[in-house]
Amino acid sequence: MNQKFTKWSLRGKWIIAGFGLTLLLMGLVTFASFKNTTEIQQGANRVQHTYQTLNTLTDFSAAMTAAESARRGYIFLGNRQDLKRYQNEVTNMQSELRLLQKQIHPSLSQQQRFARLDSLVNQRLALLKQSIELYQKDETALQTQNNITERSVKLREEILPIMADIKAEEQSYLQNSLEQSDNSIRLRILIEILGTILSLIVIASLCATLDRQWIKREKIESLEVSLAQEKEFSELKIRLFSMISHEFRTPLSIILLSSQLLKEILKELVDELQLKNLYRIQSSAKLMNHLLTDILTLTRAEAGKLDYKPQLINVENFCLNLVEDLQLFGTTPHLIKFMNHGQCFRANLDEKLLYSILSNLLLNAIKYSFAGGKIYLILNSEAEAIVFQVIDEGIGIPPAEQEKIYEPLYRCQNVENIVGTGLGLAVVKKCVERHHGEIFVESAVGVGTTFTVKIPHKNLALV
Ligand code: ADP
């Protein structure tokens, strides 16, 4: 539950981080876009302003030409209508000039040009006024009027190039503003495309991460399910084997007990040779009992449920009893010699597991020995561990197979027709491991085998 919560909170963090990043990106794009829009807007305002300036310049020029032509109409043709038109156009000229002053670009060059234009225009207006006033006083002073016209034309010729320069510079500003607006629009498109692509990348990688996590989670869940199934199956296996061994053990005990009773009765009546079949029944029943114990031990060990209940036992007595017990095992009795080389008499060990270890090793030694071959069980005590050794002079184990002998059901190539299941050493290994001990084998084919089991003292309470 807790693990699940951690998994979810981890995924939650990823989602929040991803969406946070997307929001940040979108925020940045919006900000950049807003800034850019403002620039475009300002650019558009500048363009509009410049157009207005150019229009004012055109209007001013038109008013100036119209004022001049109205003046001429009045003084050369005496048309009163022209006087009125002249006055209107002069007013227009003046208002357009003031407007131009406001609109013209604030650069130094434009301001200087405007000052010059203003002065020339004022001079021209003064000349025109002088011409009108002269006409109203003396209509015949044509020579003077011609002089005034000549001077007015000269002023006009000075004014026109200044206006052309003003117009050219305003047009260049207009061009600049248009280019800037164009660039701003392109930049905005770029920012928006980039922002969208980046947001898509973040969202796509977020989706991919989520997908990966989802797959991982599904894998973990399916693993958990199969582990649970495996556990259930192994528990079922243990229950089944426990039941079978229990059901088999009862009749086996009856067989053993009855054969023992029979032996006691017949011992007096028949000679030893005739009891051979009875011994066979007894040893087969014992072997079967042993096999059942092995199967159950291995099943429990593989399910991680092998009981380990150490208690103080007299190891020497235990070994002596075991040797006596196994001496008669098999059809041809073997002499097993027990030796205690150390000072080890009592130790804290699990009796059942120790029985499985030593009985399997000794039964193997019996099974794989030639008739009359010597077998030793040696007990020793080292500084760090209690040591058991089972030595035989039997068929030996081929070197290439020595690593595999602890695998369940493994049997060496040289066993020929010696009966076995391949379970014994697997059981031994599990029982040794349960004691945190180690097992070693030294063997030579045709010479014999030595199994050494070391169980660390720190695992025991030596007395
Ligand atoms: P098995 O029932 O076959 O004896 P084990 O697991 O006890 O099964 O042993 C595995 C194999 O190791 C045996 O089949 C045999 O080939 C080899 N082996 C074990 N102990 C001895 C021994 N003392 N001498 C020779 N070979 C042995």
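### A few points about the overall build of the protein chain
Phase 1: For the protein chain, the count of helices and strands is eight helices and seven strands.
Phase 2: Taken against the 2.2 N^0.38 rule, which gives 23 Å for 463 residues, the C-alpha radius of gyration of the protein chain at 59 Å runs more than 25% over that of a compact globule.
Phase 3: Overall size of the protein chain, expressed as C-alpha extent along the three principal axes, is 185 × 45 × 40 Å.
Phase 4: Within the protein chain, the fraction of its 463 residues that count as buried is 38%.
Phase 5: For the protein chain, restricting intrachain contacts to residue pairs at least 6 apart in sequence, the fraction spanning at least 24 positions comes to 74%.

### So, the side chain of His 435
Phase 1: Tracing the backbone shows His 435 in the loop between helix H8 (424–434) and strand S6 (438–444).
Phase 2: The exposure class assigned to His 435 is buried, which follows from its relative accessible area of 0%.
Phase 3: Here the side chain of His 435 touches Asp 350 through a polar contact of 3.2 Å, landing on its backbone nitrogen.

### Focus: the environment of Gln 343
Phase 1: With respect to the helices and strands, Gln 343 occurs in the loop between strand S2 (336–340) and strand S3 (346–349).
Phase 2: Each C-alpha atom of the pair Gln 343 and Ser 381 lies 6.5 Å from the other, and the pair is 38 residues apart in sequence.

### Some thoughts on the site of the ligand
Phase 1: Contacts to the ligand come from 20 residues, most closely from Asn 364, Tyr 368, Arg 411, Thr 421 and Leu 425.
Phase 2: One of the backbone nitrogen or oxygen atoms of Gly 422 is found 3.1 Å away from an oxygen atom of the ligand.
Phase 3: At 2.8 Å, a backbone N or O of Leu 425 approaches an oxygen atom of the ligand.
Phase 4: Contact with the protein chains covers 98% of the free accessible surface of the ligand, which is 520 Å².
Phase 5: Where the shell around the ligand is concerned, the elements lending two or more residues are helix H7 (351–367), H8 and strand S7 (448–456).
Phase 6: Split by residue class, the shell around the ligand holds ten nonpolar, seven polar and three charged.

### Observations regarding the domain arrangement of the protein chain
Phase 1: Each assigned domain of the protein chain is listed here: domain 1 (2–209) and domain 2 (311–461).
Phase 2: Each of domain 1 and domain 2 has a C-alpha centre, and the two are 108 Å apart.

### What to know about the sheet that holds S2
Phase 1: Strand order in the open sheet made by the five strands is S2-S4-S5-S7-S6, with mixed pairing throughout. Edge positions in the sheet fall to S2 and S6, since each of these pairs with one other strand and no more. With direction set aside, neighbouring strand axes in the sheet form an average angle of 15°.
Phase 2: With seven bridges connecting them, strand S4 (residues 375–381) and strand S5 (residues 385–392) associate as antiparallel partners. Looking across to S5, one finds that Leu 377 is bridged to Val 390.

### Quick notes on the packing of helix H4 (residues 142–269) against helix H5 (residues 276–302)
Phase 1: Direction vectors running N to C along H4 and H5 enclose 160°, while the axes themselves pass 9 Å from each other. In terms of their interaxial angle, H4 and H5 are classed as roughly antiparallel. In this structure, H4 crosses over H5, and the sense of that crossing is left-handed.
Phase 2: Each residue belonging to the contact of H4 with H5 can be placed in one class, and the counts come to 16 nonpolar, eight polar and six charged.

### Here we look at the nonpolar core
Phase 1: Counting residues in each nonpolar core, the largest one holds 49 residues, and the members touching the most others are Val 315, Leu 358, Leu 361, Phe 388 and Phe 451.
Phase 2: Those residues in contact with Leu 361 that lie beyond four places of it in its chain are Val 390, Leu 425, Val 428, Ile 439, Phe 451 and Val 453.
Phase 3: If you look at the next biggest cluster of nonpolar residues, it comprises 30 residues, including Leu 83, Leu 100, Leu 120 and Ile 132.

Definitions and limits used
Residues numbered from 1 in each chain as written. Predicted model: local features only at pLDDT ≥ 70, side-chain atom pairs only at ≥ 80, totals over all residues. Heavy atoms only, no water. Helix = DSSP H or I, 4+ residues; strand = E, 2+ residues; numbered from the N terminus. Rg over C-alpha atoms; globule rule 2.2 N^0.38 Å. Buried < 20%, exposed > 50% of the residue type's maximum accessible area, 1.4 Å probe, protein only. Contact = heavy atoms within 4.5 Å. Polar contact = N/O pair within 3.5 Å; in protein donor to acceptor, adjacent residues only side chain to side chain. Near = heavy atom within 4 Å. Areas by Shrake-Rupley, 256 points an atom, 1.4 Å probe, with all protein chains shown as cover. Nonpolar A, V, L, I, M, F, W, Y, C, P; charged D, E, K, R; others polar. Domains from an automatic or database assignment. Pairing = 2+ DSSP bridges. Axes fitted to C-alpha atoms, helices over the stretch in contact; angles between N-to-C directions. Parallel < 35°, antiparallel > 145°, perpendicular 65-115°, else oblique. Left-handed = near helix turned anticlockwise from the far one by under 90°. Core = buried A, V, L, I, M, F, W, Y, C linked by side-chain atoms within 4.5 Å.

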